[in-house]
Amino acid sequence: MKLHKYLAAMLLAVTTLGFMSSCSDDDGMGDAPRLFRPVASLETNRNTVTATWDNIKGATRYDLKLFRVSGTDEAGENVYEECATASCESSPYTFDDLAWDEKYKVEISCSGDEISSDVYVTGDVNVPYATKLKTIKTIDNAARITWDEGGNQIKAIVATPTEGGEPVVRKLSTEEYEKGTIDIVGLIPNTKYAFCAYNDEEEYANSTYEGKMTASTTKSIDFDTEYGAGMWLDIRDYPDEYAVDTLKSSEFWAEVQEGMTVILRGDFDYKVNNSQPITKSVRFVTASTLGGNARLVSSGGMTLAKGVDVNFIEFNNVDLYSDKAIEGGGNEVATNTDKGFGGRQVFNINGVKCTLGSLRFIGCHIEGYRAVVRAQADGDNINNILFDNCVINGIGDQGVLTTNNKSCDWREVTLNNCTLTNIYMLCDFRASTNQLTMNIKNCTFCYAPAEVTANANTPLFRFNNNAVILNVSNTLFGPSMYTAGKGTPITTNKAGEAGSIFLNGKDALVSVSKSFMTNFNWTEVGGDPTKTYPLDGLQKLGFNESSLWSNPAGGEFKIIGNIGEDGIGDMRWLK
């Protein structure tokens, strides 16, 4: 093909010049394939791009065009815009003062006295800058940006839509810079932005550049479309002094209709207790926020009214803390020694003879309770319970889930993509009625259950003679939480030494697949080697929790050990 193109070019040259000797044809055939397309390579040094090629005999001029990647087309292919041209007599050539953090390519051709070449196109090369910007969190109309310490002070950040549009400039005072984070508001929803930092308040150029990150704002939520027209209640703008107690207010609950969604403010604490028993289905959701989720701080367990049947209660991207397990509460989980973690429950039904169809926790952080969900009497029914994408830390001796050895109609419990740490006991289903199925998939357990050597009453799964169906898949288990024996204080974020008790339930129907345990032992209850309570089917890893996870004592469970399988454990740690 190259030869055909070359011959065509030579024929054109002959027509133009009006002559062609056999001698010149023979001579040209020797040099022309090299003259035809000069092969070039690109190198970068800071914000310059240098094109280098072999100088070709007969070429007296080299023409270069520099192109910047400006976006992609519908097929995902790069789109280019020309940004510079140059000519020179020989290799190499350097394009100076280019924009940082952009990709470039070069087109090059050469010509001689009586001949010109085709165009050679290089591959893309990146002009990188080690940015000070660290993280960007976006919502529909704003972004929160953080940066690293050291180097030049950032004095302005310019947010520019990558597909074109007016930039938004956010200038920083020295005090704001020292805080390490700022918010940029007034952005366009569902738009990709380039966030460029500069060390000058007015001049935004290569000489003041401090790096770039890109991020996209989210789509604005249409609450009518999402939850139904008239089926949502937005309380984000309530005054702080009123909002804090809103969820304990009878006036608020009078506004809540059956099946309504309550929109909560992010980074705000709402107090909850049992003063307003719930009588209707309700969903609590944190709206788009640059900070953390809304927090429900419990001084008592939320509950149902006597004799009601409620279809669902849901907490979606809402964090739940005991009032004794938050800063200043005096019972922080990180240093806790109380096996009851302060004695609170998230949800506690006590003898009201009611039925809740489903209780759902989605994207929640739950910390510092004696139990998360508790039924205290016969007929306190919760048919289905879901924990999805949750972190549960510091749950005491009643267990994350408990029917309190009472006859309750609990039918299905599912934990999916959850991390559970410092858990005294996971569940107590000794007297549940009907058939209860418990599903655990892609979860991470560590320091759970509490280490107890005197008896088997505080295992991870307390079923006794109940024929519970237990399905465990793609899950990781670390060691127990340290205690010095039954009745003694616990020590959070520390591995037990004697071993772990997992399954107390001889009639349980257990299925375990693609799930693993670190190298802890099963506890010999009362020192009797015949009395151990393992979860059969777990595959043993040849190392401890510190070799499996990055920092388990600090609550970080990124996998660093070789499991031999992909997609195991809570997926948040696999990203």
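Note: the structure precedes this text.
Remember, it's a predicted structure, so these values are computed and weren't measured experimentally.

All right, on to the overall build of the protein then. Regarding its fold elements, the protein presents seven helices and 43 strands. Expected size for 575 residues packed as a compact globule is a radius of gyration near 25 Å; at 33 Å, the protein overshoots this value by more than 25%. The principal-axis extent of the C-alpha atoms belonging to the protein is close to 110 × 60 × 45 Å. Looking at the protein as a whole, 50% of its 575 residues qualify as buried. Summarising the internal contacts of the protein: among those between residues at least 6 apart in sequence, 72% fall at separations of at least 24. For the protein, the exposed area adds up to about 26,100 Å²; of that, 45% sits on carbon and sulfur atoms. Distance between charge centres in the protein, computed from 51 positive and 75 negative side chains, equals 8 Å.

This brings us to unusual backbone geometry. Cis peptide bonds are those with omega within 30 degrees of zero, and the linkage from S91 to P92 qualifies with 0 degrees. Structurally, P92 is set in the loop between β4 (78–88) and β5 (93–95). Omega for the bond connecting A448 with P449 falls within 30 degrees of zero, at 0 degrees, which places this linkage in the cis form. Here P449 lies in the loop between β32 (444–446) and β33 (461–462).

Tallying each qualifying case throughout the model produces 21 salt bridges. Of the charged contacts in the structure, one is a salt bridge between R170 and E176, with a shortest N-O distance of 3.0 Å. The exposure class of E176 is partly exposed, given its relative accessible area of 24%. One salt bridge in this structure joins R236 and D234, with 2.7 Å as the shortest N-O distance. Within this structure, R68, E81, E102 and K212 form a network of salt bridges that share partners.

Burial analysis of strand β2 (residues 48–53) places five of its six residues in the buried class, which makes it a mostly covered element. The sheet contact formed by strand β1 (residues 40–45) and β2 spans six bridges and is antiparallel. Paired with E43 across the two strands is T50, which belongs to β2. From the end of β1 to the start of β2, which pair antiparallel, there are two residues, and R46 there has a positive phi angle of about 55 degrees.

It is worth spelling out the nonpolar core at this point. Generally speaking, soluble globular proteins have nonpolar side chains that are buried together. Residues F315, F361, F387, L401, L426, M438 and F461 are the most contacted members of the largest nonpolar core, which totals 82 residues. A total of five residues in this core trace back to one element, the largest contributor, which is strand β25 (residues 365–375). Discounting chain neighbours no more than four positions away, the residues touching L426 are G399, V400, L401, L415, L420, M438, I440, F445, P459, L460 and F461. Listed in part, the 26 residues of the second largest apolar core include W53, A59, L66 and I108.

Bringing the side chain of T492 into the picture now. Along the polypeptide, T492 turns up in strand β37 (residues 490–495). Here the side chain of T492 touches A334 through a polar contact of 3.1 Å, landing on its backbone oxygen. Those residues in contact with T492 that lie beyond four places of it in its chain are V333, A334, T335, N336, F341, N422 and M481.

Within the structure shown, the criterion is met by zero disulfides. Here C110 stays free of any disulfide, with the sulfur of C88 as its closest cysteine sulfur at 10 Å. C354 provides the cysteine sulfur closest to C408, a residue in no disulfide bond, and the two sulfurs are 9.6 Å apart. Owing to a relative accessible area of 0%, C408 belongs among the buried residues under this scheme.

Glancing now at the pairing of β25. By the criterion of burial, β25 is predominantly enclosed, with nine of the eleven residues buried. Two elements, strand β22 (residues 318–322) and β25, share two bridges in a ladder whose sense is parallel. When the bridges of β25 are listed, Y321 appears paired with E367. As paired strands, strand β23 (residues 345–349) and β25 are joined by four bridges and run parallel to one another. In the sheet register, I349 faces β25, and the bridge partner there is A375. Two elements, β25 and strand β27 (residues 391–402), share seven bridges in a ladder whose sense is parallel. Directly across from E367, in β27, lies its bridge partner N393.

A few words on the sheet that holds β5. Read across the open sheet, the three strands follow the order β1-β2-β5; overall the sheet is antiparallel. Looking along the sheet, the strands with just one partner apiece sit at the ends: β1 and β5. Strand-to-strand twist of the sheet, defined as the mean angle between neighbouring strand axes without regard to direction, takes the value 25 degrees. Sheet topology places β2 next to β5; three bridges connect them, and they run antiparallel. Paired with V49 across the bridge in β5 is F95.

Within the element layout of this structure, L470 appears in strand β34 (residues 469–473). Judged by its relative accessible area of 0%, L470 falls in the buried class. For the pair L470 and I392, spaced 78 residues apart in sequence, the C-alpha to C-alpha distance is 20 Å. If we ignore the near neighbours within four places in the chain, the residues touching L470 are M438, I440, F461, F463, L509, V510, S511 and L535.

Here we come to the packing of aromatic side chains. Overall, the coordinates contain 28 aromatic pairs when judged by the stated rule. Look at W410 and F429: their rings are 5.8 Å apart centre to centre, the planes differ by 65 degrees, and that puts the pair in the edge-to-face class. Taken together, the residues span a long stretch of sequence, with W410 in the loop between β27 and β28 (412–416) and F429 in the loop between β30 (427–428) and β31 (437–441) at a distance of 19 residues. For the residue pair W410 and F429, the accessibility class agrees, reading buried in each case. By way of ring pairs, the aromatic residues F252, W253, F284, F315, F361 and F387 are connected into one cluster. Directly above the aromatic system of F67 lies the positively charged group of K105, at a separation of 5.6 Å from the ring centroid. Its end group placed over the ring of Y482, K494 keeps NZ or CZ at 4.3 Å from the ring centre.

A word on the sheet that holds strand β39 (residues 509–513). The ten strands lie next to each other as β16-β17-β19-β21-β24-β26-β28-β31-β34-β39, forming an open sheet whose pairing is parallel. Two strands close off the open sheet at either side, each with one partner strand: β16 (232–234) and β39. For this sheet the average axis-to-axis angle between neighbouring strands, irrespective of direction, equals 10 degrees. Both β31 and β34 contribute to a ladder of five bridges, which runs parallel. Counterpart to N439 in the pairing with β34 is N471.

The rules behind these values
- Residues numbered from 1 in each chain as written.
- Predicted model: local features only at pLDDT ≥ 70, side-chain atom pairs only at ≥ 80, totals over all residues.
- Heavy atoms only, no water.
- Helix = DSSP H or I, 4+ residues; strand = E, 2+ residues; numbered from the N terminus.
- Rg over C-alpha atoms; globule rule 2.2 N^0.38 Å.
- Buried < 20%, exposed > 50% of the residue type's maximum accessible area, 1.4 Å probe, protein only.
- Contact = heavy atoms within 4.5 Å.
- Areas by Shrake-Rupley, 256 points an atom, 1.4 Å probe, with all protein chains shown as cover.
- Lys, Arg positive; Asp, Glu negative; His and termini not counted.
- Charge placed at Lys NZ, Arg CZ, Asp CG, Glu CD.
- Salt bridge = Lys/Arg side-chain N within 4 Å of Asp/Glu carboxyl O.
- Pairing = 2+ DSSP bridges.
- Core = buried A, V, L, I, M, F, W, Y, C linked by side-chain atoms within 4.5 Å.
- Polar contact = N/O pair within 3.5 Å; in protein donor to acceptor, adjacent residues only side chain to side chain.
- Disulfide = S-S within 2.5 Å.
- Axes fitted to C-alpha atoms, helices over the stretch in contact; angles between N-to-C directions.
- Phe/Tyr/Trp six-rings, centres within 6.5 Å; stacked < 30°, edge-to-face > 60°.
- Lys NZ or Arg CZ within 6 Å of the ring centre and 35° of its normal.

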